[in-house]
Amino acid sequence: QKEVEQDPGPLSVPEGAIVSLNCTYSNSAFQYFMWYRQYSRKGPELLMYTYSSGNKEDGRFTAQVDKSSKYISLFIRDSQPSDSATYLCAMSSTSGSRLTFGEGTQLTVNP
Amino acid sequence: KAGVTQTPRYLIKTRGQQVTLSCSPISGHRSVSWYQQTPGQGLQFLFEYFSETQRNKGNFPGRFSGRQFSNSRSEMNVSTLELGDSALYLCASSSGRSTVGYTFGSGTRLTVV
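Residues numbered from 1 in each chain as written. Chains lettered and ligands numbered in written order. Predicted model: local features only at pLDDT ≥ 70, side-chain atom pairs only at ≥ 80, totals over all residues. Heavy atoms only, no water.

## What about the overall build of chain B?
Helix and strand counts for chain B stand at 0 helices and 11 strands. For chain B, the N- to C-terminal ordering of α and β elements is β-β-β-β-β-β-β-β-β-β-β. Rg of the C-alpha trace for chain B: 13 Å, near the compact-globule value of 13 Å for 113 residues, within the 12% margin. Principal axes of the C-alpha set define a box for chain B whose edges measure 35 × 25 × 25 Å. Per-residue burial over chain B gives 50% buried out of 113 residues. (Helix = DSSP H or I, 4+ residues; strand = E, 2+ residues; numbered from the N terminus. Rg over C-alpha atoms; globule rule 2.2 N^0.38 Å. Buried < 20%, exposed > 50% of the residue type's maximum accessible area, 1.4 Å probe, protein only.)

## Section: the packing of aromatic side chains
This structure, assessed with the given rule, holds 11 aromatic pairs over all chains. Ring geometry for A:F101 against B:Y35: centres 5.6 Å apart, planes inclined by 85 degrees, an arrangement best described as edge-to-face. With A:F101 in strand 10 (residues 100–101) and B:Y35 in strand 4 (residues 31–38), this residue pair bridges two chains. On the basis of an interplanar angle of 50 degrees and a centroid distance of 5.8 Å, the ring pair of B:Y35 and B:F104 is categorised as tilted. Placement of B:Y35 in strand 4 and of B:F104 in strand 10 (residues 103–104) is noted, with a sequence separation of 69 residues between them. Summarising the burial analysis for this pair, B:Y35 and B:F104 share the class buried. (Phe/Tyr/Trp six-rings, centres within 6.5 Å; stacked < 30°, edge-to-face > 60°.)

## Considerations on the state of the cysteines
Under the defined criterion, the tally for this structure stands at 2 disulfides over all chains. Across a sulfur-sulfur distance of 2.0 Å, A:C23 and A:C89 are joined as a disulfide pair. The sign of the -100 degrees torsion about the S-S bond sets the A:C23-A:C89 disulfide as left-handed. Here A:C23, found in strand 3 (residues 19–25), pairs with A:C89, found in strand 9 (residues 85–92); they are 66 residues apart in sequence, far enough to count as distant. The side chain of B:C23 participates in a disulfide bridge whose partner is B:C91; the two sulfur atoms lie 1.8 Å from each other. One disulfide, between B:C23 and B:C91, carries an S-S torsion of -55 degrees and so falls in the left-handed class. Residue B:C23 is found in strand 3 (residues 19–24), and its partner B:C91 is found in strand 9 (residues 87–94); the two are separated by 68 residues along the sequence. (Disulfide = S-S within 2.5 Å.)

## Re the sheet that holds strand 3 of chain B
Residues and elements named next belong to chain B. In space, the 4 strands of this open sheet follow the order 1-3-8-7, with antiparallel pairing throughout. Looking at which strands have only one partner, the edges of the open sheet turn out to be strand 1 (5–7) and strand 7 (64–68). Strand-to-strand twist of the sheet, defined as the mean angle between neighbouring strand axes without regard to direction, takes the value 20 degrees. Summarising the sheet, strand 1 and strand 3 pair through 3 bridges and their orientation is antiparallel. (Pairing = 2+ DSSP bridges. Axes fitted to C-alpha atoms, helices over the stretch in contact; angles between N-to-C directions.)

## Focus: the interface of chain B and chain A
Contacts between the two partners involve 24 residues from chain B, matched on the other side by 20 residues from chain A. Contact between chain B and chain A buries roughly 1700 Å² in total, counting both sides, with carbon and sulfur atoms accounting for 50%. Run the count over chain B and chain A and you get 0 salt bridges. Counting across the interface, chain B meets chain A through 5 residue pairs in polar contact (both at pLDDT 80 or more). For the side of chain B that touches chain A, the elements supplying multiple residues, two or more each, are strand 4, strand 5 (42–50), strand 6 (53–57) and strand 9 of chain B. (Contact = heavy atoms within 4.5 Å. Buried area = accessible area lost by both parts, 1.4 Å probe. Salt bridge = Lys/Arg side-chain N within 4 Å of Asp/Glu carboxyl O. Polar contact = N/O pair within 3.5 Å; in protein donor to acceptor, adjacent residues only side chain to side chain.)

This is the structure we're talking about:
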């Protein structure tokens, strides 16, 4: 079983919809939780990160971490066609350690 | 400021050959990590180098190796290529003090035929 599970999708939504992306994990040592966005033929770029449990908001994006359930989420409000990409969750146990990624969810926002 | 540069962007090799991929990190970054990305497996950690020393290694066979030079540029080598080595190989650099500071390159797409 993988340490981080993420539904690969694909997920297709109309423009303006609220998108919910999720990951579950099994390693209790994970403390740093990140979301990356990867456009086609590009490398992943960091969208948001959270340390331990809680919520973090940045514009249209909200990240949530529930360590008790080993579950993290990324919400995208008012989704735009430019949000169409693959979204990857990533985690690490300490600040400088390796990242463990989910498989990624492919999102398409239709105009 | 220039990003992480990976060369070449695309590569086609035959089974049994070897290949060397190159990564130039962001100026001032001393840590370089390598990841393999495949459909179904996602991104898997290969290894990390910091100041020319391998600091961390993933669960890949010994055919996968790397090194880092004094200017922080890094290379990874795969010997005796197998069809299953076909993947996007991503390099990420950071200052070395924080995981959230990783910046990824656009990757090298390796196809083994």
